[in-house]
Amino acid sequence: MDRTAQLSTRPFPYEIAYDPPTAPPSPHVRAARVLAANWTGASTVPSRKLYPHQWSWDSAFIAIGLRHVSPARAQTELETLLAAQWADGRVPHIVFNPSVPLDAYFPSPDFWRSSTAGRAAGAPRTVQTSGIVQPPVHALAAWLVHRADPALSRARGFLARVYPKLAAWHRYLLHRRDLGGAGLVSVVHPWEQGMDNSPCWDAPLARIAPAPARSFRRADLDHGAAEDRPTDLDYGRYVRLAADYRDRGYRDGPGGEHGTGGGEFAVEDPAFNALLIASEHALARIAEELGATGAARRERAERLTAVLVERLWEPAAGMFLCRDLRGGGRRPERSVSGLIPLLLPGLPRAVAAALVATLRGPHFSLGDRTRLVPSYDLLGEAFDPHRYWRGPAWFNTNWLLERGLRTHGETATADALRAAFLDLADATGFAEYVDPYTGEPCGATGFGWTAALALDLYHREPASHARQRPDKSPSRDVSAPGTGTFDRSDQGGDRG
């Protein structure tokens, strides 16, 4: 028999004459690939098409996930953002990529005019940015990134370089944005709080005359369904607020409850202030790592926690509410923002217990009608399961709540929330947000912080698994009350 006949008659282990397809990549690998696809060389975009620049709190969340696959890249993510910091200390909510066409995103650099309109506030001249800010998650992110590879961090002098910038960022917020005079930070635009289209802003925004529709073009509608996005009326009000702030030279100043600081929109928001307090705790850790004392920052975090409870806690609602400084008091709307303070270790026990009860109750229904916490009250008149921040569940807020639940010893609920997060993140292609009832993906897919925070949860073993496996070290998030969010042992995972 010739060689050809021998090969043709040789039995094959498969019915086809080539190797079968390899197994699909793991969810961990799929998440890492999203971050690789969104990497620009110095930072990570939230979404290649919808959000093609660097966003402030997105980069903080992205760095938290990146620390598991590349601590060096996670450090670079934060360093790139902080390189665009203004001289007055603010960290802008967008750092623009000059290679992206102006019409790819609105408001674009020619709207913000940061290098000219922001000159008096110390806007950088070498990079174009927006002039507003976003929630201060950055010190918490820096601390977690450092813990992922302390040797690399120390060798690169990472914390020593970012600490002064983070301290200046907090100083700006605490001194220039205390518009109510009580110690809490105010946001002067809905985009600053990060939950852009929340019903919490409806009443404060109603006072704002919208910019004419012909004066701007919405690039977001090129990539998302109109019914999932803010209305044209709301968008016109966003544009008017931003333009007025720009035309004032991006000036801030304390003004008291009815003072002159800021413009017509000034709101004390629970989530924004809770994240500042969390980052004050993290700055205390960073100071101690650098050989200084963290006592003053820890005391400030405790004091701000007490002010947060005094100013924004509403016992009848079982959660924190926004305070409209120009409208005279707390707003009645229940949004996920009012649950985020669960992250804080210094909350009074009764307040933490009430927040957990509200999470499980009819307004958010975690573990009953919803697997992820919706962004707005399920029973609210403005609830919409698909429209931007008016009901859909977002992965970053659920990540924060998962940590908060662990901080206050609610490990079983935290484990269930973690499982739901990972299941829905992967099943939806790492969607921007999802319908809280069905899990249907909304917005962009391949979204940066969804993939990054999924990576973080993949690497943080649930407490119940750690208890079942005594041969392994315990979960990196200590579940005892008051330690889970800021514990020194939160060191991240594998590095690539």
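Here, every reference points to the structure presented above.
On a predicted model such as this, the values are computed, not experimentally measured, just so you know. (Residues numbered from 1 in each chain as written. Predicted model: local features only at pLDDT ≥ 70, side-chain atom pairs only at ≥ 80, totals over all residues. Heavy atoms only, no water.)

(A) Fine view of the sheet that holds strand β3 (residues 186–187). In space, the four strands of this open sheet follow the order β3-β4-β7-β8, with antiparallel pairing throughout. This sheet does not close on itself; its edge strands, each paired only once, are β3 and β8 (329–330). Alignment of strand β4 (residues 267–268) against strand β7 (residues 323–324), held across two bridges, turns out to be antiparallel. Residue pairing in the sheet places Glu268 in a bridge with Arg323 of β7. (Pairing = 2+ DSSP bridges. Helix = DSSP H or I, 4+ residues; strand = E, 2+ residues; numbered from the N terminus.)

(B) Quick look at the sheet that holds strand β9 (residues 393–394). What the three strands build is an open sheet, ordered β9-β10-β11; its pairing is antiparallel. Unpaired on one side and paired on the other, β9 and β11 (441–442) mark the two borders of the sheet. Pairing between β9 and strand β10 (residues 433–434): two bridges, direction antiparallel. Residue pairing in the sheet places Trp394 in a bridge with Tyr433 of β10.

(C) Spatial organisation of the packing of helix α16 (residues 395–407) against helix α18 (residues 448–459). Look at α16 against α18: their axes get within 9 Å of each other, and the N-to-C directions meet at 25°. As judged from the angle between their axes, α16 and α18 are roughly parallel. Pair α16 / α18 crosses with left-handed handedness. Contacts between α16 and α18 involve Phe395, Asn396, Trp399, Glu402 and Arg403 from the former and Trp449, Thr450, Leu453, Asp456 and Leu457 from the latter. (Axes fitted to C-alpha atoms, helices over the stretch in contact; angles between N-to-C directions. Parallel < 35°, antiparallel > 145°, perpendicular 65-115°, else oblique. Left-handed = near helix turned anticlockwise from the far one by under 90°. Contact = heavy atoms within 4.5 Å.)

(D) Representation of the side chain of Arg311. Relative to the assigned elements, Arg311 resides in helix α14 (residues 295–312). Side-chain polar atoms of Arg311 contact the side chain of Glu268, separated by 2.8 Å. (Polar contact = N/O pair within 3.5 Å; in protein donor to acceptor, adjacent residues only side chain to side chain.)

(E) How the structure looks around the nonpolar core. With 140 residues, the main nonpolar core has Phe61, Phe320, Leu339, Leu355, Leu372 and Phe421 as its most contacted residues. In terms of residue count, helix α13 (residues 270–289) provides more of this core than any other element does, 10 residues in total. Leu339 has contacts with Met319, Leu355, Thr358, Leu359, Phe364, Val373 and Leu401, leaving out every residue within four places of it along the chain. (Core = buried A, V, L, I, M, F, W, Y, C linked by side-chain atoms within 4.5 Å. Buried < 20%, exposed > 50% of the residue type's maximum accessible area, 1.4 Å probe, protein only.)

(F) Up close: unusual backbone geometry. In the segment running from Phe106 into Pro107, the intervening peptide bond is cis, with an omega of 0°. Looking at the element boundaries, Pro107 is found in the loop between β2 (94–95) and α5 (109–112). Positive phi, close to 60°, is recorded for Ser365, a residue that is not glycine. With respect to the helices and strands, Ser365 occurs in the loop between α15 (349–360) and β9. For Ser365, a relative accessible area of 1% corresponds to the buried category. Positive phi outside glycine occurs at Phe430, with the angle close to 60°. Note on placement: Phe430 falls in the loop between α17 (411–427) and β10. Its relative accessible area of 3% is what places Phe430 among the buried residues.

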